[in-house]
Amino acid sequence: MERRRFLADIARYAALCSVVPTDWRVVARPRFADDPFTLGVASGDPTSTGAVLWTRLAPRPYELDGGMTGGRPIIEWELADDEAFTKGVRRGRYTAAPELAYSVHVEVEGLAPDRWYFYRFRAGDAVSPVGRVRTTPAAGALTPLRLGVASCQNYEQGLFTSLDHLSRERCDLVTHLGDYIYESGGRQGAVRTHHSVEIRTVEDYRERYSQYKLDPMLQAAHLMCPWLVTWDDHEVDNNYASDFGENGMESAEQMRARRAAAYQAWWEHSPVRVPRARSWADLDIRRTTDWGALARFWMLDTRQYRDDQACGDGTQAVPCGDWANPARTIMGAKQEKWLSDGLGASRSRWQVLGQQVPVAPFDSTVGPETKLYMDGWSGYPANRDRLLAEIALKAKNRTVVLTGDVHSNWVNELHAGFDRPGREIVAAEFVGTSLSSGGDGDPVWRGSAEVMPENPHVKWHSARRGYMICDVRPDAWTTEYREVAYVQRPGAPVTTPATFRVEHGKPGIARV
Ligand SMILES: [Fe+2]
């Protein structure tokens, strides 16, 4: 592995040193010495009439440009009713381009609602793996939904055993709540080789996505069904906030350049349909997906528009500094208005917030002092209380928040505000643990038992690795927590330690 990396690096630097003008010509019949579909295929952002089909041509993924040698290759895509592609439904061509890493984003339209299809790509003589994709139910339909929820897949800290199990769950849809890659790396505790340098350029981020996308378990999970993807901090920089980097060593201009590189590479590797931005640094990824009239997903971005953490990152005693200032925001004014207007206008049975960091507070110290996690909504209490007040007004007890980030499972009843105790319950938050980040994990997070009495809104907690499976129906939302006991060696079986249920329109979360 090391030797291969070394040789790849040599080839890369040689490529950087030699001045080879990029060939921009369209290549009608591209030829590949190696399989160009090493990074797999994926689908995402389904509607009732279409979806995005994704791949990226990368015959030698660790080389600059994925081993592609220029040109704009024309590739073909196919969509069929059957896995053997005897009943074709749609087909077309797509011209990939070097400036976008030869990524492919096909937006298929004209499909029937609530239907499964199969898709694949052809490039030259090569044929891609076959993925399954489905459309959402028609407007007005209350068809049930089986949803997988995943986040935080640090490559070096654990095997993707959780994704292996997820790929056999027969989900209709998977949402990934961020930390799809990690920008930093340390070899300590690593169970597999990872590049240990902090990454900054678009080439760096592409290489990191390549490394992750090569994992067969991640590829298999994408083959199962369409995904709704958002990002968290590690797609750019740990705990970054808007133009503020983690360690304060980068200027705002440097952070914008880094964001542009990271956001572009994220787009190049994600099966998403997002509006065109003037600059990659301003890529706007908030969007909605409707599952008939059953559920509306609001995919949020709580990274790009937030104020810097008030009193440093990590867990801090509050009040402190500017923490309680009502002008501080985690969503940004535009996104906040978009969501609150939208919650009022939507007649969907369930409102689902797909987002990054915990909404509920967690006081992590015993006694009268309060210590909170400043990188979550607890670092932005005024914005949180405004959000919860909007939910109370517009979608009370039919709102479910899905959260990642903290590498542990939490079931939180959300109250109309956490500014004082005793406000009514208005929503449910299911925080899902990491797929692999943090290594094997523990039954519970260290120190959590003593402080649980100070956090009565927390109904359950565990700190193992895994994912969630949600069964969504008109009258009830059920979340099953799936866990694996270890990820630092292969083969952990999957268990379901706890299941929770929310009745539509009723306050509270009940353990089943
Ligand atoms: Fe993470």
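The text that follows walks through the structure, step by step, so that each part is easy to find. If you're wondering where the values come from, they're calculated on a predicted model, not measured in any experiment.

What follows covers the nonpolar core. Judged by nonpolar contacts, the single largest core of 39 residues is most densely connected at Leu163, Leu166, Tyr205, Trp227, Trp266 and Leu283. Excluding anything up to four places from it in sequence, tryptophan 266 contacts Tyr209, Val229, Thr230, Trp231, Glu235, Val272, Leu283 and Ile285. Of all hydrophobic cores here, the second largest spans 28 residues; its members include Leu177, Trp291, Trp460 and Met468.

Every protein donor of the iron ion is listed here as Cys152 (SG), Asp179 (OD), Tyr182 (OH) and His407 (NE2), and their distances to the metal cover 2.0 to 2.6 Å. Around the iron ion sit four donor atoms; with metal-centred angles ranging over 88 to 168°, the donor geometry is irregular. Mapping the donors of the iron ion onto the primary sequence gives the spacing C-x26-D-x2-Y-x224-H. In this pair, cysteine 152 sits in the loop between strand 10 (145-150) and helix 2 (161-166) while histidine 407 sits in the loop between strand 18 (399-403) and strand 19 (409-415), placing the two residues 255 residues apart along the sequence. The exposure class of cysteine 152 is buried, given its relative accessible area of 0%.

Remark: helix 6 (residues 333-345) packs on helix 7 (residues 381-394), axes separated minimally by 9 Å, with the N-to-C direction vectors making an angle of 15°. The angle between the axes of helix 6 and helix 7 places the two elements in the roughly parallel class. Relative to helix 7, the crossing made by helix 6 is right-handed. For the pair helix 6 and helix 7, the contacting residues are Glu336, Leu339, Ser340, Asp341, Leu343 and Gly344 in the first and Asn383, Arg386, Leu387, Glu390, Ile391 and Lys394 in the second. In terms of residue class, the contact of helix 6 with helix 7 is built from four nonpolar, three polar and five charged.

We now examine the state of the cysteines. Applying the stated rule across the entire model yields one disulfide. With a sulfur-sulfur separation of 1.9 Å, cysteine 311 is cross-linked through a disulfide to cysteine 320. Judged by the torsion about the S-S bond (90°), the cysteine 311/cysteine 320 disulfide is right-handed. Across this residue pair, the class does not change: cysteine 311 and cysteine 320 are buried. With no disulfide of its own, cysteine 225 has cysteine 171 as its nearest cysteine by sulfur position, at a separation of 5.5 Å. For cysteine 225, a relative accessible area of 0% puts it in the buried group. Counting only cysteine sulfurs, cysteine 171 is the nearest neighbor of cysteine 470, a cysteine outside any disulfide, at a range of 9.0 Å.

About the criteria used
- Residues numbered from 1 in each chain as written.
- Predicted model: local features only at pLDDT ≥ 70, side-chain atom pairs only at ≥ 80, totals over all residues.
- Heavy atoms only, no water.
- Core = buried A, V, L, I, M, F, W, Y, C linked by side-chain atoms within 4.5 Å.
- Buried < 20%, exposed > 50% of the residue type's maximum accessible area, 1.4 Å probe, protein only.
- Contact = heavy atoms within 4.5 Å.
- Donors = N, O, S within 2.8 Å, 3.2 Å for Na, K, Ca; no water.
- Tetrahedral: all angles 85-135°; square planar, octahedral: opposite > 155°, others 65-115°.
- Helix = DSSP H or I, 4+ residues; strand = E, 2+ residues; numbered from the N terminus.
- Axes fitted to C-alpha atoms, helices over the stretch in contact; angles between N-to-C directions.
- Parallel < 35°, antiparallel > 145°, perpendicular 65-115°, else oblique.
- Left-handed = near helix turned anticlockwise from the far one by under 90°.
- Nonpolar A, V, L, I, M, F, W, Y, C, P; charged D, E, K, R; others polar.
- Disulfide = S-S within 2.5 Å.

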